[in-house]
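Residues per chain are reported as follows:
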Amino acid sequence: MSDKQLQNSFTTEYKQWLNEIKQKFQSSQIKASIQVNSTLLEFYWNLGNEIVEKQKNSTWGSGFLQQLSVDLIAEFPDIKGFSKRNLELVRKWYLFWKQAVSQIEVENTKQLVSQFDEEKSQQVVAQILQIPWGHNIAIIQKCKSVEEAQYYVQNTIKNGISRNVLIHQIETNLYARDGKAITNFETTLPPLQSDLAKEITKDPYN
């Protein structure tokens, strides 16, 4: 084999290896960003629960969230997400998913009651923690039911769509046009080069 052929072989193999390294690194970036995103949203979930409980069981007035916002921003000035508006969205987001109910039959009667199903709760939370906060807010603000919202959560991750595409799909009622039932959700990474992957890695809330 000539020197030129050796050089070409080296160049080809090196470029292939370099590409593999880049893909592995990008995958690691996405995994890390998803972990950060999930941790943040888990914090929001618990915060939403505590806000609801405090408002229900205390005599704190309407200025409660404003004061909480002021105190948190003073303590963490570089962290985005503690504005009064965002705290209100945290509460709304938590209540939207918390009020997902399952109808159960009580003591073999035909009487139905609404009861939050813990297993379903865990599955739902696992899903919504996979997408950025902005996607979550768009979904709860624009979807009319939990079933519709779940559809868009799953579709977002499966197809790796950006928030703008997500909003367009909701506004054009893809859920009704697609007509697909919700299936068991599989926790997977969004497609490597997808808009969702890029938005997760650049989300300012993270």
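Residue indices follow the written sequence of each chain, beginning from 1 at its first position. Predicted model: local features are reported for residues with pLDDT of at least 70 only, side-chain atom pairs are reported and counted for 80 or more only, and whole-chain, interface and lining totals are derived from all residues. With hydrogens and water stripped out, all remaining heavy atoms of the structure feed into the side-chain values.

**Regarding unusual backbone geometry**
One non-glycine residue with positive phi stands out, namely Asn 173, at about 60°. Considering the arrangement of structural elements, one finds Asn 173 in the loop between helix 7 (163–171) and helix 8 (174–178). Classification of Asn 173 by relative accessible area gives partly exposed; the value is 35%. To qualify as a helix, a DSSP run of H or I must reach at least 4 residues; to qualify as a strand, a run of E must reach at least 2; elements of each kind are numbered from the N terminus. To sort residues, take the accessible area from a 1.4 Å probe on protein chains only and compare it with the maximum for the residue type: under 20% means buried, over 50% means exposed, and anything in between is partly exposed.

**Regarding helix 5 (residues 133–142)**
Extensive coverage of helix 5 is indicated by the burial of eight of its ten residues. Inspection of helix 5 places Trp 133, Gly 134, His 135, Asn 136, Ile 137, Ala 138, Ile 139 and Ile 140 among the buried residues, and these make up the whole buried set.

**What about the nonpolar core?**
We define the nonpolar core as a collection of buried residues of types Ala, Val, Leu, Ile, Met, Phe, Trp, Tyr and Cys that are connected through side-chain atoms lying within 4.5 Å of one another. Membership of the largest hydrophobic core comes to 45 residues, with the highest contact counts inside it found for Trp 93, Trp 97, Trp 133, Ile 139 and Tyr 152. Only helix 1 (3–57), helix 2 (64–75), helix 3 (84–98), helix 4 (118–128), helix 5, helix 6 (146–159), helix 7 and helix 9 (195–202) provide two or more residues apiece to this core. Considering each element in turn, this core owes the most residues, nine residues, to helix 1.

**With respect to helix 7**
Those residues of helix 7 not exposed but buried are Leu 166, Gln 169 and Ile 170. Mapping the buried residues of helix 7 onto a view down its axis gives an arc of 95°, with all of them on the same face. In helix 7, the exposed positions that point more than 90 degrees away from the buried face belong to Asn 164, His 168 and Glu 171. Residue contacts follow a heavy-atom distance rule, with two residues in contact if any of their heavy atoms lie within 4.5 Å. In this structure, the buried side of helix 7 is in contact with helix 5, helix 6 and helix 8. Looking at the residues trailing helix 7, positive phi occurs at Asn 173, about 60°. Directions drawn from the helix axis to the C-beta atoms are what define this arc.

**Section: the packing of aromatic side chains**
For this analysis, a ring pair means two rings from Phe, Tyr or Trp (six-membered ring only for Trp) whose centres lie within 6.5 Å, classed as stacked if their planes differ by under 30 degrees, edge-to-face if by over 60, and tilted for the remaining angles. This structure, assessed with the given rule, holds eleven aromatic pairs. Consider the rings of Phe 43 and Phe 82, whose centres lie 6.4 Å apart with planes at 75°: the pair is edge-to-face. Residue Phe 43 is found in helix 1, and its partner Phe 82 is found in the loop between helix 2 and helix 3; the two are separated by 39 residues along the sequence. By relative accessible area, which is 8% here, Phe 82 ends up buried. With centroids separated by 5.1 Å and ring planes inclined at 80°, the aromatic side chains of Tyr 151 and Tyr 152 adopt a geometry described as edge-to-face. In this structure Tyr 151 comes out as buried when scored by relative accessible area, which is 7%. Residue classification places Tyr 152 among the buried positions, given a relative accessible area of 0%.

**Quick word on the packing of helix 6 against helix 7**
Here an axis means a line fitted to C-alpha atoms, over the contact stretch when the element is a helix, while the angle between two N-to-C directions is reported on a 0 to 180 degree scale. Direction vectors running N to C along helix 6 and helix 7 enclose 145°, while the axes themselves pass 11 Å from each other. Viewed along their axes, helix 6 and helix 7 form a crossing whose handedness is right-handed. In this structure, helix 6 uses Glu 148, Tyr 152, Asn 155 and Thr 156 to contact helix 7, whose residues at the interface are Leu 166, Gln 169 and Ile 170. Left-handed describes a crossing whose near helix is turned anticlockwise from the far helix by less than a right angle; the clockwise case is right-handed.

**Considerations on the environment of Leu 196**
Here Leu 196 is to be found in helix 9. Spatially, the C-alpha atom of Leu 196 lies 8.4 Å from that of Asn 159, the residues being 37 residues apart in sequence.

**Here's the deal with the confidence of the model for the chain**
The pLDDT value expresses, per residue, how confident the predictor is, ranging between 0 and 100. Per-residue confidence for the chain averages 82 on the pLDDT scale, and 77% of its residues sit at or above 70. A low-confidence stretch, residues 101–116 (pLDDT under 50), is modelled with 23 contacts involving residues beyond four sequence positions or located in other chains.

**Remarks on the pattern of salt bridges**
Any carboxyl oxygen of Asp or Glu that lies within 4 Å of a side-chain nitrogen of Lys or Arg is treated as forming a salt bridge with it. Counted according to the given criterion, the structure contains three salt bridges. Residue Glu 53 is joined to Lys 56 by a salt bridge in which the shortest nitrogen-to-oxygen separation is 3.3 Å. Of this pair, Glu 53 and Lys 56 are both found in helix 1, three residues apart, which corresponds to roughly one turn of the helix. Using a relative accessible area of 30% as the deciding quantity, one classes Glu 53 as partly exposed.

**Structural notes on the environment of Gln 99**
Mapped onto the secondary structure, Gln 99 falls in the loop between helix 3 and strand 1 (102–105). Considering only alpha carbons, one finds Gln 99 and Val 146, 47 residues apart in sequence, at a separation of 8.7 Å.

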